[in-house]
Amino acid sequence: MKSYQKLTTTHPAACRVEEEGAAPMPSGHGKLAPWWVGCGLLVAAVLLSTITVWVLQQVSGGWLGPMPPPKCFLVPESHRFDCYPERRVVVTQELCESRGCCFIQSPPPAHGKRGVPWCFYPPDFPSYTMESLNQTALGMVGLLVRREKAYYPRDIEKLRLDVEFETDTRLHIKITDAANPRYEVPLDVPRVMKRAENPIYSLNFSWDPFGVLLQRKATGTVLLNTTVAPLIFADQFLQISTSLPSKFLYGLGEHRDSFLHSLDWNTLTLWARDVSPTESFNLYGVHPFYLLMEEDGNAHGVFLLNSNAMEVALQPAPGLTWRTIGGVLDFYIFLGPDPNMVIQQYQQVIGFPAMPPMWALGFHLCRWGYGSSNETWRTVRAMRNYQIPQDAQWNDIDYMDGYRDFTLDSQNFYSLPSMVEDLHKHGQHYVMILDPGISSTSPHGSYWPFDEGLRRGLFLNTTKGQPLIGQVWPGLTAFPDFSNPDTHQWWLENLQHFYAHVPFDGLWIDMNEPSNFVDGSEDGCPPGELDSPPYTPAVLGNSLSAKTVCASTEQKVSVHYNLHNLYGLMEAKATASALVKIRGKRPFVISRSTFPSQGRYSGHWLGDNWSQWKDMYYSIPGLLSFSLFGIPLVGADICGFSGNTSEELCTRWTQLGAFYPFARNHNNLNDKAQDPTVFSPAARTAMKDVLLTRYSLLPFLYTLFHRAHLQGDTVARPLFFEFPWDVATWELDRQFLWGRSLLVTPVLEPGVDSVTGYVPQGTWYDFYTGSSVNSNGEMLKMSAPLEHLNLHIREGSILPTQKPGITTEVTRGNPLRLIVALSSHATAWGDLFWDDGESLDTFEKGNYSYVVFNVTQNIFTSTVLHANAEATKVTIGTLSIFGVQKPPSKVLLNGQEKPFSYLDNQVLTVSDLGMSLSQGFSLQWL
């Protein structure tokens with residue numbers, strides 16, 4: 001029998017524990033051991049001192065209220081789990097005690113933030129009891145019973161517990177109504193056929209009160225302990241709390257925050273909302289997943305598969321509370337133990353991201369307010385004139401007629417088809433915006449998208465069965481129901497009609513939270529518990545319908561109350577599918593609203609940021625968070641969307657943005673132009689140079705995306721993913737890695753010519769010169785004049801690069817340059833994935849090349865593990881080897897002597913190799 005006493009968190013005294021379905025054992029009643037006497041004295045002392053402090057606080061406040069029961073003082077402040085989380089309510093002692101909870105006032109925190117809850121659960125607050133637990137083929141099934149009602153309406157008395165040991169590193173725990181079906185997220189998840197044989201976790205249960213106790217076998221670390229607060233499961237209020245093994249928690253998006261979340265009474269709300277990224281607000285997407293670093297460098301992740309409005313309360317215990325207002329509690333726990341593996345395991349459940357077309361990794365340019373296709377075209381030609389790389393030109397809503405989807409402003413954008421033709425002739429691509437709101441005010445018969453959608457019954461409906469009418473850019477609008485497969489067909493047909501006039505290459509789906517300029521609808525929302533639930537999480541606007549549609553809105557699959565957070569995902573799915581059918585190539589979609597599995601269909605940009613230095617910084621935590629969420633194709637609006645940028649800010653931001661996986665400069669209506677061509681020659685050159693650097697790294701970046709698609713690797717990567725044993729990396733969010741090899745250290749402050757960055761232990765090489773930096777794991781000051789971005793290559797890596805052109809198409813045809821960064825043992829490894837850059841499922845169909853590069857004992861080898869015709873079109877021209885300790889006497893290419901150069905900074909370069917990528921070769925230096 002497992003003992004609670006080994007656990008590091010506070011537990012109820014009377015309980016039974018069971019491991020993996022073993023028969024329950026009765027609690028013992030042995031003699032009072034001497035250590036219990038010591039603990040008793042300690043508790044008494046703590047209790048006495050706490051009561052004394054409370055009395056002094058009350059007296060100093062001039063009022064001595066009724067003293068709480070002694071049991072309330074047993075709960076340390078950091079372990080007080082909130083019993084009255086409602087906002088906009090002044091919680092009094094009377095209100096609190098009506099719920100059966102403890103009330104102790106604490107000094108309010110500064111800056112209006114929430115602090116220690118005044119109303120919190122006592123140690124004996126009634127919860128569920130586990131009545132039975134039986135083995136199944138995949139795990140266990142249990143029955144949980146609540147004997148006393150909690151304080152929210154329609155408490156569910158009996159719950160079903162399902163446990164599946166899905167893999168050795170993945171556990172699935174689901175709690176739902178034992179008697180009645182409930183809404184569950186319509187997401188395809190893997191179904192396992194047999195129970196894990198050697199799980200690296202052990203699962204125990206407390207029976208009364210019910211609780212889950214999950215430990216890592218190798219270390220004994222308690223990953224979850226849900227006995228710290230009661231389980232509540234009412235129809236519209238579900239809550240479960242757990243202790244955490246450390247304070248190092250990441251994820252839980254979408255929010256503007258540091259990458260590492262604060263556990264200082266921090267509540268994160270998850271409800272898709274159109275609002276410029278602002279600290280503490282719920283933003284565009286919803287990702288109920290967190291990654292946690294344990295004190296010893298192991299990592300685990302937890303995913304709650306639930307799409308209802310929710311909040312996650314973090315507290316310094318450390319502890320966490322999930323609070324959602326619908327659905328079921330459907331948890332996946334991923335045991336890693338390495339953070340990279342946690343994210344791979346998460347994506348095994350939600351799906352791996354799609355492989356983007358190579359042109360998607362080029363530089364994109366956009367603004368709202370070009371005003372005409374001729375002005376848009378002029379910008380494209382200016383970029384070409386200055387030989388600045390660009391792969392895609394975009395238009396915002398100003399290309400439309402009256403802001404209506406699938407229309408073209410025939411006066412100002414008459415030349416758009418010609419511009420798109422010109423882009424295609426130059427190997428460039430066109431992307432346009434689409435909003436989900438469909439104008440409902442055009443005369444009948446004059447606007448097919450609305451007329452046909454209405455005829456087929458494809459819009460969101462009110463409770464009266466009529467299309468819900470809101471208001472967006474074109475005025476009054478209806479909203480397509482993307483949960484209905486018939487809507488996907490209608491969406492495709494609309495896109496086909498428009499494509500016949502303007503052959504676009506990708507689509508940008510915006511406003512898909514869905515956004516609404518009025519709350520709910522033109523007529524408001526009806527009374528009822530969907531639009532006015534018993535509990536509303538801390539959403540911006542204090543209402544579920546704030547700047548979106550009514551929660552009671554009816555959709556094909558369920559009510560909007562359940563499906564709201566899925567709207568962007570379902571639209572992305574329809575859009576990606578339509579692009580495949582129209583173009584027959586890999587789809588390119590960028591979506592504002594996102595949900596788990598979004599990476600299978602789209603990328604994401606971080607929304608309507610500002611042209612401010614702090615916004616540039618916040619883009620890095622955003623980038624890294626979406627790497628955790630399985631959406632690697634992510635970036636922020638380079639130079640900022642709202643407000644006028646400065647030349648210095650835009651230069652620094654372009655340097656950072658050149659290393660966003662998705663790199664787009666986007667600008668707002670009426671703000672000064674900010675594309676690279678409008679700045680001084682010095683700034684323009686700095687922007688051009690860093691974009692050329694990005695294009696030179698496209699083979700490396702493309703290979704990283706292949707690894708993301710194949711097995712869920714991250715592209716933009718936090719430093720601690722590669723150095724989990726180095727605690728100094730756990731809080732870093734002003735730098736990041738590409739893959740495991742390339743360290744990016746941007747300047748994020750004005751008026752400086754240097755930057756201080758953390759360089760993990762080992763040898764790192766300057767990307768541009770090959771000069772080495774040896775670090776013991778320390779902060780280093782680096783020179784950073786305005787034209788320079790610090791990039792360092794990790795020892796032991798081989799980066800495939802290419803001579804850059806001004807499009808990916810031109811770049812693809814240029815010779816490769818392989819950069820070898822030797823380790824202290826004079827070894828290195830790298831790889832390259834290569835295909836035609838746009839065809840569907842090239843890896844799955846075998847239409848690709850895969851080459852591995854290796855260095856050992858002064859011999860470089862290129863080994864072709866898989867080849868196709870594309871590889872015959874590319875040559876390896878140059879080999880640069882960093883860290884060659886001694887000048888070689890000669891260099892042999894496949895046994896034949898070859899000219900070379902060697903510099904004092906220990907860089908060996910061999911040029912004019914002329915080797916086909918499709919053929920293996922070796923190069924030796926003596």
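Residues numbered from 1 in each chain as written. Predicted model: local features only at pLDDT ≥ 70, side-chain atom pairs only at ≥ 80, totals over all residues. Heavy atoms only, no water.

1. Structural notes on the side chain of D422
- Its place among the elements puts D422 in helix α6 (residues 416–425).
- Take D422: its relative accessible area is 14%, and that puts it in the buried class.
- Of note is the side chain of D422, whose polar atom sits 2.9 Å from the side chain of W377.
- Setting aside residues no more than four positions away along its own chain, D422 makes contact with W377 and R384. (Helix = DSSP H or I, 4+ residues; strand = E, 2+ residues; numbered from the N terminus. Buried < 20%, exposed > 50% of the residue type's maximum accessible area, 1.4 Å probe, protein only. Polar contact = N/O pair within 3.5 Å; in protein donor to acceptor, adjacent residues only side chain to side chain. Contact = heavy atoms within 4.5 Å.)

2. Regarding empty space enclosed by the protein
- Scanning the entire structure with this criterion turns up three cavities of 30 Å³ or more.
- In this structure, the largest cavity encloses a volume near 240 Å³.
- Element by element, the count of residues in the lining of the largest cavity is highest for helix α11 (residues 613–628), at seven residues.
- Class assignment of the residues belonging to the lining of the largest cavity gives a composition of nine nonpolar, 10 polar and four charged.
- Lining of the second largest cavity is provided by 16 residues; of these, A354, G599, S602, G603 and L633 occupy positions nearest its centre.
- Per-class residue counts for the lining of the second largest cavity are 13 nonpolar, three polar and no charged. (1 Å grid on protein atoms, 1.4 Å probe; cavity = no way out; pocket = protein on both sides within 12 Å on 5 of 7 lines; lining within 4 Å. Points joined across faces, edges and corners; volume = space filled by probe spheres on them. Nonpolar A, V, L, I, M, F, W, Y, C, P; charged D, E, K, R; others polar.)

3. Side note on the pairing of strand β19 (residues 329–334)
- Judged by how many residues are buried, β19 sits mostly within the fold: six of six residues are covered.
- The sheet contact formed by strand β7 (residues 170–177) and β19 spans six bridges and is antiparallel. Following the sheet pairing, I173 is matched in β19 by F331.
- In the sheet, strand β16 (residues 299–304) pairs with β19 via four bridges, with the strands oriented antiparallel. Pairing of G301 across the sheet is with F334, part of β19. (Pairing = 2+ DSSP bridges.)

4. Observations regarding the pairing of strand β21 (residues 392–395)
- Here β21 shows a buried face lined by A392 and W394 and a second buried face lined by Q393 and N395.
- For strand β20 (residues 363–365) and β21, the ladder comprises two bridges, and the chain directions are parallel. Residue pairing in the sheet places H364 in a bridge with A392 of β21.
- Taking the sense of rotation as the criterion, the β-α-β connection linking β20, helix α5 (residues 373–385) and β21 turns out right-handed.
- Considered for its hand, the β-α-β crossover made up of β21, α6 and strand β22 (residues 429–434) is right-handed. (Right-handed = clockwise from strand over helix to strand, strands pointing away.)

5. Some thoughts on the environment of E375
- One can find E375 in helix α5.
- Each C-alpha atom of the pair E375 and F413 lies 9.4 Å from the other, and the pair is 38 residues apart in sequence.

6. Let's talk about the sheet that holds strand β27 (residues 589–591)
- Spatially, β29-β28-β27-β26-β22-β21-β20-β31-β30 is the arrangement adopted by the nine strands of the open sheet, whose pairing is parallel. Pairing within the sheet leaves two strands with one partner each, and these edge strands are β29 (634–635) and β30 (637–638).
- Docked against the sheet, helix α10 (residues 567–583) engages β26 (506–509) and β27, running at close to 165° with respect to β26. (Axes fitted to C-alpha atoms, helices over the stretch in contact; angles between N-to-C directions.)

7. So, the sheet that holds strand β6 (residues 158–167)
- Here eight strands make up an open sheet; going across it, the order is β4-β5-β6-β7-β19-β16-β15-β13 and the pairing antiparallel. Each edge of the sheet is formed by a strand with only one pairing partner; in this case those strands are β4 (128–135) and β13 (248–253). The sheet shows a mean angle of 15° between the axes of neighbouring strands, taken without regard to direction.
- Sheet analysis places β13 next to strand β15 (residues 287–293), joined by five bridges and oriented antiparallel. Within the sheet, the bridge partner assigned to G253 lies in β15 and is H287.
- Lying over the sheet, helix α4 (residues 339–350) contacts β7, β15, β16 and β19, oriented at roughly 25° with respect to β16.

8. Some points on the environment of A218
- Relative to the helices and strands, A218 is located in the loop between β9 (210–216) and β10 (222–225).
- The sequence separation of A218 and W473 amounts to 255 residues, and the corresponding C-alpha distance is 57 Å.

9. Structural notes on the nonpolar core
- Among the nonpolar cores identified, the biggest contains 232 residues, and F205, W322, F659 and F860 are the most heavily contacted of them.
- If we skip the residues at most four places from it in the chain, W322 touches L238, Q239, I240, L252, P288, Y290, V302, L304, M310, E311, V312 and F331.
- If you look at the next biggest cluster of nonpolar residues, it comprises 26 residues, including C119, Y151, F237 and A551. (Core = buried A, V, L, I, M, F, W, Y, C linked by side-chain atoms within 4.5 Å.)

10. Re the pattern of salt bridges
- A complete count under the given rule lists 39 salt bridges for this structure.
- Salt-bridge contacts for K614 lead to E279; the nearest nitrogen and oxygen are separated by 3.6 Å. With K614 in helix α11 and E279 in the loop between β14 (266–270) and β15, the pair connects residues that are 335 residues apart, well separated along the chain.
- For E279, a relative accessible area of 29% translates into the label partly exposed.
- Between E749 and R734 there is a salt bridge; the shortest N-O distance is 3.8 Å. Of this pair, E749 sits in the loop between β34 (742–745) and β35 (754–759) while R734 sits in the loop between α15 (719–722) and β33 (736–738); the two residues are 15 residues apart in sequence, bridging distant segments of the chain.
- Owing to a relative accessible area of 38%, R734 belongs among the partly exposed residues under this scheme. (Salt bridge = Lys/Arg side-chain N within 4 Å of Asp/Glu carboxyl O.)

11. Side note on the state of the cysteines
- Inspection of every chain in the model, using the stated rule, returns five disulfides.
- In this model, C83 is linked to C101 through a disulfide, with the two sulfur atoms separated by 2.0 Å. Since a negative S-S torsion denotes a left-handed disulfide, the C83-C101 link at about 70° is right-handed. Here C101 lies in the loop between α3 (93–98) and β2 (102–103) and C83 lies in the loop between α2 (70–73) and α3, a separation of 18 residues in the sequence.
- Of the residues examined, C83 reaches a relative accessible area of 0% and is grouped as buried.
- Residue classification places C101 among the buried positions, given a relative accessible area of 7%.
- The partner cysteine of C525 in its disulfide is C550, sulfur to sulfur 2.1 Å. Residues C525 and C550 are joined by a disulfide whose S-S torsion is about -95°; by sign, that bridge is left-handed. Pair noted here: C525 is in the loop between β26 and α9 (560–563) and C550 is in the loop between β26 and α9, with a separation of 25 residues, a long-range link. (Disulfide = S-S within 2.5 Å.)

12. Considerations on the packing of aromatic side chains
- Within this structure, the stated rule accounts for 52 aromatic pairs.
- Relative to F334, the ring of Y332 lies with its centre 6.4 Å away and its plane at 5°, an arrangement referred to as stacked.
- Relative accessible area serves as the criterion here: at 0%, Y332 is assigned to the buried category.
- With 6.0 Å between their ring centres and 20° between their planes, F853 and F860 make a pair best called stacked.
- Classification of F853 as buried rests on a relative accessible area of 0%.
- One cation-aromatic arrangement involves R99 over Y84; the distance from NZ or CZ to the ring centre is 3.6 Å.
- The ring of W508 has R664 sitting right over it, with the charged end atom 4.4 Å from the ring centre. (Phe/Tyr/Trp six-rings, centres within 6.5 Å; stacked < 30°, edge-to-face > 60°. Lys NZ or Arg CZ within 6 Å of the ring centre and 35° of its normal.)

13. Let's talk about the packing of helix α7 (residues 448–456) against helix α8 (residues 485–499)
- Following both chains from N to C, one finds α7 and α8 inclined at 160°, their axes separated by 11 Å at the closest point. In terms of orientation, α7 and α8 fall into the roughly antiparallel class. You can see that α7 and α8 cross each other, and the crossing is right-handed. Contacts between α7 and α8 pair W448, P449, E452, G453 and R456 from the former with Q489, W490, E493, N494 and H497 from the latter.
- Partitioning the contact of α7 with α8 into residue classes produces three nonpolar, four polar and three charged. (Parallel < 35°, antiparallel > 145°, perpendicular 65-115°, else oblique. Left-handed = near helix turned anticlockwise from the far one by under 90°.)

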